[in-house]
Amino acid sequence: AVAVLGFGYKFAKDFLTYVYWPLIGVVTPVLARVRSRDSDDALRDAYASLLRLLGLVRIPAGGGLSLLTPWLIAALYPKFLEASPLAVVFVSFVFLDMLLSVAQSALMTLERYRPLLLLRATALLSPLVLALGLAHFGLPGAAWGMGIARVFPPLLITAYA
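Attention here is on the structure that accompanies the text. (Residues numbered from 1 in each chain as written. Predicted model: local features only at pLDDT ≥ 70, side-chain atom pairs only at ≥ 80, totals over all residues. Heavy atoms only, no water.)

Here the focus is the overall build of the protein. Summing up its helical and strand segments, the protein has six helices and zero strands in all. Ordered by position from the N terminus, the helices and strands of the protein form the series α-α-α-α-α-α. Along the longest, intermediate and shortest principal axes, the C-alpha atoms of the protein span 55 × 30 × 15 Å. In the protein, 77% of the contacts between residues at least 6 apart in sequence involve partners at least 24 apart. (Helix = DSSP H or I, 4+ residues; strand = E, 2+ residues; numbered from the N terminus. Contact = heavy atoms within 4.5 Å.)

Structural data, given as structure tokens:
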């Protein structure tokens, strides 16, 4: 069960890497450059533009990967065919988490570390959520619990930002 859950998560993270790494050096330098102008309106515009840009890349990639995941796993990893539903859940949450990470970069650029650390501390609840999901709903519950625990802190950071 642990291998199936770990495989589903690693599958999602590996494919996210292919989409995210080419854009990893874009967000912070753009926000830092705009912040140096001391214009809150320009910073809001840059944040919105980056969010749209990354959304245009990640949402179709995540949606397409969610649809193709069962066939990819069947073709590439037939031993882990039972992990397909879990991998679809992980793909959805991992891609959403990376879309929400723009707010974290914005707060770091603005040097607002205290709220960022407090909100990220909610990630310490992940083992509890994982254990509760596993105990009550089995592997799908654990996958959903891990996904929610992964997306909850960036969602709070986005709301704060």
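Still to come is the rest of the account.
There is a patch of nonpolar side chains on the surface, built from L67, L68 and W71 and spanning about 400 Å² of accessible area. Take L68: it is sitting in helix α3 (residues 40–76). The partly exposed category is assigned to L68, whose relative accessible area is 47%. (Patch = residues over 30% accessible without salt bridge, like charges linked within 9 Å, V, L, I, M, F, W, Y side chains within 5 Å. Areas by Shrake-Rupley, 256 points an atom, 1.4 Å probe, with all protein chains shown as cover. Salt bridge = Lys/Arg side-chain N within 4 Å of Asp/Glu carboxyl O. Buried < 20%, exposed > 50% of the residue type's maximum accessible area, 1.4 Å probe, protein only.)

A word on unusual backbone geometry. Peptide bonds are mostly trans, and most non-glycine residues show a negative phi. One non-glycine residue, D38, adopts positive backbone phi at about 55°. Of note, D38 is situated in the loop between α2 (27–35) and α3. By relative accessible area, D38 is classed as exposed at 72%.

We now examine the packing of helix α1 (residues 2–20) against helix α6 (residues 126–160). Where α1 contacts α6, the axes come no closer than 12 Å and their chain directions differ by 15°. The angle between α1 and α6 falls in the class roughly parallel. As for the relative orientation of α1 and α6, their crossing is right-handed in sense. Side by side, α1 and α6 meet where V4, L5, Y9 and K13 of the first sit next to L130, L139, A142, A143, M146 and R150 of the second. When grouped by side-chain class, the residues that make up the contact of α1 with α6 number eight nonpolar, no polar and two charged. (Axes fitted to C-alpha atoms, helices over the stretch in contact; angles between N-to-C directions. Parallel < 35°, antiparallel > 145°, perpendicular 65-115°, else oblique. Left-handed = near helix turned anticlockwise from the far one by under 90°. Nonpolar A, V, L, I, M, F, W, Y, C, P; charged D, E, K, R; others polar.)

That's the geometry; what it means functionally is another story.
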